Every structure is written in structure tokens, then in C-alpha cells.
Amino acid sequence: VLWKAPGAPASYGNFIAATLGGKEQVVGFDAESLGGWDLATGKRLWAVKPERRSDFNVPTPIAVGGRLLVAWE
């Protein structure tokens, strides 16, 4: 294993690498939330959980100009 982070299993969308808030991170949906993980250490930096647990977390996030574009149902 070259890199591993704690959290729920990955969802269907792809994870991306982005610099957000001046921090290089891996960003994507796991089975429970959208989040960012430190690229160097794998430590969870932040998480956003949808209001309903049954929301379908599929779209791949897009980083544009230091901001994150995401969608979920």
C-alpha cells in the first residue's frame, strides 16, 4: 500500500487532487460524505455530510481556481 486514508468506503465518483485553502489534498465522495484528505499524510482535513443519508454521491468534484464545484442530489 502506497497511500491510505481513514474513512468510509469510496463512492462511485473519482477522487481528485487539488490545492484548496493553500493545502494540497485528495478530494472526493466516500459512502457517507464529501471530504478532503491531506495528500502527504492521508489525514482527514474536512467533511460535508448530506442532509439525507440516502443521497447518491456519484459526481466527480471539479477544482476551479482554488474553489471546489460539487453536486449531489
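It should be noted that the structure appears before, not after, this text.
Trainee: Now, about the overall build of the chain: what can you tell me, with residues and values included?
Mentor: When you go through the chain residue by residue, the secondary structure sums to 0 helices and 6 strands. Helices and strands appear in the chain in the N-to-C order β-β-β-β-β-β. Against the globule reference of 11 Å for 73 residues, the chain gives a C-alpha radius of gyration of 12 Å, in line with a compact fold. In terms of its C-alpha atoms, the chain occupies a principal-axis envelope of roughly 30 × 30 × 15 Å. The buried share of the chain, taken over its 73 residues, is 30%. Residue pairs at least 24 apart in sequence account for 35% of intrachain contacts in the chain once pairs closer than 6 positions are excluded. Within the structure as shown, the chain displays about 5,000 Å² of accessible surface, and the carbon and sulfur contribution to it stands at 55%.

Trainee: Tell me about the environment of Ala71, and please be specific about residues and values.
Mentor: Within the fold, Ala71 resides in the segment after strand E6 (67-69). Among the residues examined, Ala71 registers a relative accessible area of 43% and is labelled partly exposed. Placed 13 residues apart in sequence, Ala71 and Val58 show a C-alpha to C-alpha distance of 8.6 Å. Those residues in contact with Ala71 that sit more than four places away from it in its chain are Phe29 and Pro59.

Trainee: Tell me what's going on with the pattern of salt bridges, and back it up with residues and numbers.
Mentor: Evaluation of the coordinates by the stated rule reveals 2 salt bridges. Of the charged contacts, one joins Asp38 and Lys23 as a salt bridge, the two residues approaching to 2.9 Å between their closest N and O atoms. Separated by 15 residues along the polypeptide, Asp38 in strand E3 (residues 34-38) and Lys23 in strand E2 (residues 23-29) bring together distant segments of the chain. Judged by its relative accessible area of 7%, Asp38 is buried.

Reading guide: rules and limits
Once a new chain begins, its residue numbering starts again from 1 and follows that chain's sequence as written. Two thresholds apply to this predicted model, a pLDDT of at least 70 for residue-level local features and 80 or more for giving and counting side-chain atom pairs, whereas whole-chain, interface and lining totals are computed over all residues. Hydrogens are left out, water is left out, and the side-chain values use all remaining heavy atoms of the structure. The numbering of helices and of strands both runs from the N terminus, where a helix is a DSSP run of H or I of at least 4 residues and a strand a run of E of at least 2. It is over C-alpha atoms that the radius of gyration is taken, and the globule rule equals 2.2 Å times the number of residues to the power 0.38. Relative accessibility thresholds used throughout: buried, under 20% of the residue-type maximum; exposed, over 50%; partly exposed, between the two (1.4 Å probe, protein chains only). Whether two residues are in contact is decided by their heavy atoms, any of which lying within 4.5 Å being enough. Working definition of accessibility: Shrake-Rupley area with a 1.4 Å probe, residue cover restricted to the visible protein chains. Salt bridge, as applied in this entry: a Lys or Arg side-chain nitrogen positioned within 4 Å of an Asp or Glu carboxyl oxygen.

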